[in-house]
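Structure assessment
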Amino acid sequence: MGHMGAGAPQPQPLPGVAHVVAVGSGKGGVGKTTVAVNLSVALAKLGYKVGLVDADIYGPNVPTMLGATRQPNVVGENRIEPVVAHGVKFISIGLISPGDKPMVMRGPMLHQIIRQFLQQVEWGELDFLLIDLPPGTGDVVISLVQTVPLTGAVVVSTGSSVALEDARKALEMFHQVKVEVLGLVENMSQMTLPSGEVIDVFGAGGTERTAAQFGLDFLGALELNPQIREGGDRGMPIALAGPDSKLSSEVYNVARRVADKAKEIAAKSEDVFEIS
Ligand SMILES: Nc1ncnc2c1ncn2[C@@H]1O[C@H](COP(=O)(O)OP(=O)(O)OP(=O)(O)O)[C@@H](O)[C@H]1O
Ligand SMILES: [Mg+2]
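Residues numbered from 1 in each chain as written. Chains lettered and ligands numbered in written order. Predicted model: local features only at pLDDT ≥ 70, side-chain atom pairs only at ≥ 80, totals over all residues. Heavy atoms only, no water.

Concerning the overall build of the chain
In terms of regular secondary structure, the chain is built from 9 helices and 12 strands. A compact globule built from 276 residues would reach a C-alpha radius of gyration of about 19 Å, and the chain, at 18 Å, matches this within 12%. Across the chain, every contact between residues at least 6 apart in sequence was considered, and the portion connecting residues at least 24 apart equals 76%. With the model as given, the accessible surface of the chain reaches about 13200 Å², and the carbon-plus-sulfur share is 52%. Between the averaged position of the 22 positive side-chain charges in the chain and that of its 29 negative side-chain charges there is a distance of 3 Å. (Helix = DSSP H or I, 4+ residues; strand = E, 2+ residues; numbered from the N terminus. Rg over C-alpha atoms; globule rule 2.2 N^0.38 Å. Contact = heavy atoms within 4.5 Å. Areas by Shrake-Rupley, 256 points an atom, 1.4 Å probe, with all protein chains shown as cover. Lys, Arg positive; Asp, Glu negative; His and termini not counted. Charge placed at Lys NZ, Arg CZ, Asp CG, Glu CD.)

As for the nonpolar core
Of all hydrophobic cores here, the largest spans 82 residues; its most connected members are Leu129, Ile131 and Phe174. Leucine 129 has contacts with Leu14, Val17, His19, Val20, Val21, Gly51, Leu52, Val53, Leu118 and Trp123, leaving out every residue within four places of it along the chain. (Core = buried A, V, L, I, M, F, W, Y, C linked by side-chain atoms within 4.5 Å. Buried < 20%, exposed > 50% of the residue type's maximum accessible area, 1.4 Å probe, protein only.)

Things to note about the layout of surface pockets
What the second largest pocket holds in volume is close to 340 Å³. Thr192, Glu223, Asn225, Lys246 and Leu247 are, among the 14 residues lining the second largest pocket, the residues nearest its centre. Those elements that place two or more of their residues in the lining of the second largest pocket are strand 10 (191–192), strand 12 (218–222), helix 8 (226–234) and helix 9 (249–275). Taken together, the residues that form the lining of the second largest pocket break down as 8 nonpolar, 3 polar and 3 charged. (1 Å grid on protein atoms, 1.4 Å probe; cavity = no way out; pocket = protein on both sides within 12 Å on 5 of 7 lines; lining within 4 Å. Points joined across faces, edges and corners; volume = space filled by probe spheres on them. Nonpolar A, V, L, I, M, F, W, Y, C, P; charged D, E, K, R; others polar.)

Section: the pattern of salt bridges
Scanning the entire structure with this criterion turns up 6 salt bridges. Close ionic contact of glutamate 180 with lysine 268 constitutes a salt bridge, the shortest N to O distance being 3.2 Å. Highlighted residues: glutamate 180 in the loop between helix 6 (161–176) and strand 9 (181–187) and lysine 268 in helix 9, separated in sequence by 88 residues. Among the charged side chains, a salt-bridge network with shared partners connects Asp217, Lys261 and Glu264. (Salt bridge = Lys/Arg side-chain N within 4 Å of Asp/Glu carboxyl O.)

Observations regarding empty space enclosed by the protein
Applying the stated criterion across every chain, the model contains 1 cavity of 30 Å³ or more. Of the volumes computed, that of the largest cavity is approximately 30 Å³. In terms of lining residues, the largest cavity is bounded by Val35, Asn38, Leu39, Leu222, Val251 and Val254. When contributions to the lining of the largest cavity are tallied by element, the ones reaching two or more residues are helix 1 (32–45) and helix 9. Of the residues contributing to the lining of the largest cavity, the split by class is 5 nonpolar, 1 polar and no charged.

Things to note about unusual backbone geometry
Of note in this structure, histidine 86 is not a glycine but carries a positive phi near 50°. Tracing the chain through its elements places histidine 86 in the loop between strand 5 (83–85) and strand 6 (88–91). With a phi angle near 60°, methionine 188 is a residue other than glycine that sits in the positive phi range. Secondary-structure assignment places methionine 188 in the loop between strand 9 and strand 10. Given a relative accessible area of 18%, methionine 188 falls into the buried group.

Quick look at the site of ligand 1
Surveying the vicinity of ligand 1 reveals 17 residues, the closest of which are Gly29, Lys32, Thr33, Thr34 and Glu223. With respect to ligand 1, the side chain of threonine 33 contributes an N or O atom lying 2.8 Å from an oxygen atom. Contact distances for ligand 1 include 2.9 Å between a nitrogen atom and a side-chain N or O atom of asparagine 187. Against a free-state accessible area of 630 Å², the protein chains account for coverage of 82% of ligand 1. With 3 residues, the single largest contributor to the shell around ligand 1 is helix 1. Looking at the shell around ligand 1 residue by residue, the classes come out as 6 nonpolar, 7 polar and 4 charged. (Near = heavy atom within 4 Å. Polar contact = N/O pair within 3.5 Å; in protein donor to acceptor, adjacent residues only side chain to side chain.)

Focus on the pairing of strand 2 (residues 50–54)
If a strand is regular, its side chains alternate between the two faces of the sheet. With respect to burial, strand 2 is a largely interior element, 5 of its 5 residues being buried. Relative to strand 7 (residues 126–132), strand 2 is paired through 5 bridges, and the arrangement is parallel. For aspartate 54, the partnering residue across the bridge sits in strand 7 and is aspartate 132. (Pairing = 2+ DSSP bridges.)

Some details on the sheet that holds strand 1 (residues 17–24)
Taken together, 8 strands build an open sheet; the order of strands is 5-6-2-7-1-8-9-12 and the sheet is mixed. Looking at which strands have only one partner, the edges of the open sheet turn out to be strand 5 and strand 12. Within this sheet the neighbouring strands show an average axis-to-axis angle of 25°, counted without direction. Pairing of strand 1 with strand 8 (residues 152–157) involves 4 bridges; the strand directions are parallel. The residue bridging valine 21 from the neighbouring strand is glycine 152, located in strand 8. (Axes fitted to C-alpha atoms, helices over the stretch in contact; angles between N-to-C directions.)

Structure below.
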């Protein structure tokens, strides 16, 4: 700690929140928000207490994908109550500034909003607070790691070479800011046609190979499926179908692996504290 430059604030754990897990990628549009939302719903259905921060200030998609657009209540001294959808507590700039008006702001404001989303929201007791990151590497991740200690990050990619090229940058960025990578998820891996024929749209298997190259866990592969897109657009994520549904069982596999890995990493870092 203390490597972020003189005067940089030390990250403080959020009281009551066990694990903060960021969901990122390198490339935009590979399905971070879809994965973050479905993981949140799946973890909630598995019995965990779950929160989700939409850290995409310029393109907040979480309210639509969770199907809730109510304004959050402000309580007490400027505390914000998260909105609850499908058993997940969440916050998004899209709840506060809805409509098509873009948020035009400078870096310091962005940093302030990320801090507020973490510290000024009444998260209560949570097992997992997921963070849906914006595309690319950079600002938001720095704000995040300066504000709270993260258990780790999940990196989403398609299997295509260009997406993986960017995913490797994301891996390097997490390494630089000392955030452990829980593992990689391949999204839109392949597609099953109604005939049963499986087509490889984005290079299935590429993400698993990349994970192996980096000595990281591969957390699972979600198919390219119009029902996943539709679920997102309707605010009814496919994870609502439950762990036994063919449609969403892999989401639950990924969710269980994320939960197990997060607990494993947290236990490991406790050991380190005991030794020192
Ligand atoms: N497995 C999938 N099958 C079908 N459609 C999908 C799948 N994953 C994501 N999509 C669709 O692809 C689009 C992009 O997904 P999403 O918004 O989750 O990506 P993102 O990485 O968060 O994008 P951004 O970089 O803009 O934040 C959305 O319309 C979403 O519904
Ligand atoms: Mg997104």
